[in-house]
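A look at the structure
Each chain is listed here by its residues.
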Amino acid sequence: MRIGLLLNDDFSAGLTLHLGVREPTEFMKQLANVRSDIVLTKAVVGEKIALENPVDMIFHCATPASAELNVSDPLAMFNLNLASANWIIEDVRLLANCPKVLFTSSGAVYGPQPMNLELIPETYTGGPDTTSSKSAYAEGKRVAEFLFSEAGRKGLLKPLLGRLFAFSGEGLPQNRHFALGNFVRDARSKNVVTVRGSGLDVRSYLDSKDMAIWLFKMASLENINTPLNIGSSSAISIASLAHKVQQRAEIVLNRRVEVEVLGEKNALDGANYYVPSTLLTKKTLAVEEWTSIDNSIDQMLCE
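Residues numbered from 1 in each chain as written. Predicted model: local features only at pLDDT ≥ 70, side-chain atom pairs only at ≥ 80, totals over all residues. Heavy atoms only, no water.

Turning to the side chain of S105, a few remarks are in order. With respect to the helices, strands and loops of the structure, S105 is situated in strand β6 (residues 100-106). The exposure class assigned to S105 is buried, which follows from its relative accessible area of 2%. For S105, the side chain forms a polar contact with the side chain of E145, separated by 2.6 Å. Setting aside its immediate chain neighbours within four residues, S105 contacts K141, E145, G162, R163 and L164. (Helix = DSSP H or I, 4+ residues; strand = E, 2+ residues; numbered from the N terminus. Buried < 20%, exposed > 50% of the residue type's maximum accessible area, 1.4 Å probe, protein only. Polar contact = N/O pair within 3.5 Å; in protein donor to acceptor, adjacent residues only side chain to side chain. Contact = heavy atoms within 4.5 Å.)

Have a look at this one:
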């Protein structure tokens, strides 16, 4: 099975993408248009994947960024990261070749970002609080990175570690803990963008299509010996983000939209500051942030 990313008609590697999902039939119902060169394959963590042809590369994205699960059952979240990593490694162990495995890790592995560190580089050696149940997702990603790295040292696979941050654009869930998705939902459905917290937390947003290209470029290179940050280095406060959604919505939807800030606290709240340095990524992969946040929000509003 040859695995590649086919991003659009102008940016195609000519490979076949086999997309592993739990329920291929149900997944197909959710997609309006599926390219003929995308093949859906049933894949459940812990079960053998049916591979008919040699694998060139694997994109391991099989762990959810679920704030709800991280709070309600931290051990399940932690174990899911470990189980899915070991699942991939065990399947790769049975292959004759030594494929690339690109693991979508997370910027959460760095732990809380110090306020005096404007952009967090790959060389930062901080980490999450090992005594906090809130660290389950981050610790799971850290251990999974170790497992893939160790499998690489044993010659089982060629690990590529992409540490993902926050994203925007089409397909972002609009009913979960993602602030931007919820803001767009509010603007479309009730003309009032609600900021549940103080709005002072800071994030950055890379468009999902740019993210896909970055990951594809990463997978196409040889000998990347360090993790790479995948995200935007353009910081924006949550309150400013809400006002940006308001402004774009008034233009795109042609109606008045308000912003309200509730100032509430919630167990699902993430880090106060979460912005990566992408200098190494841009130099290594020869990529840029091609899609502006305004354009990315406009696409979300028009979904």
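Continuing now.
The next point concerns the pairing of strand β7 (residues 158-164). Within β7, five of the seven residues are buried, leaving the element largely enclosed by the surrounding structure. When β6 meets β7, the two strands line up parallel, connected through seven bridges. Looking at the pairing, S105 lines up with R163 of β7. Handedness of the crossover is the feature at issue here: the chain leaves β6, passes through helix α4 (residues 136-153), returns alongside β7, and the resulting connection is right-handed. Relative to strand β12 (residues 228-230), β7 runs parallel, the two being bridged by three bridges. When the bridges of β12 are listed, L164 appears paired with I230. (Pairing = 2+ DSSP bridges. Right-handed = clockwise from strand over helix to strand, strands pointing away.)

Counted residue by residue, β6 has seven buried out of seven residues, so it is predominantly covered. As defined by bridge partners, strand β5 (residues 57-60) adjoins β6 across four bridges and the pair is classed as parallel. Paired with M57 across the strands is K100, a residue of β6.

Below, the discussion takes up helix α5 (residues 179-189). Within α5, burial applies to L180, G181, N182, F183, V184, D186 and A187. At its buried positions, α5 is contacted by β8 (167-168), β9 (192-195), α7 (238-252) and α9 (293-301). One or two residues past the end of α5 sits N191, with phi positive at roughly 65°.

This next bit is on the nonpolar core. In terms of nonpolar packing, the biggest core is built from 19 residues, with L180, F183, A187, V193, Y205, L241 and V245 touching the most fellow members. Contributing elements (two or more residues each) for this core: α5, β9, α7 and α9. Looking at which element gives the most residues to this core, the answer is α7, with five residues. Setting aside chain neighbours within four positions, we find F183 in contact with V193, T194, V195, I238, L241, A242 and V245. (Core = buried A, V, L, I, M, F, W, Y, C linked by side-chain atoms within 4.5 Å.)

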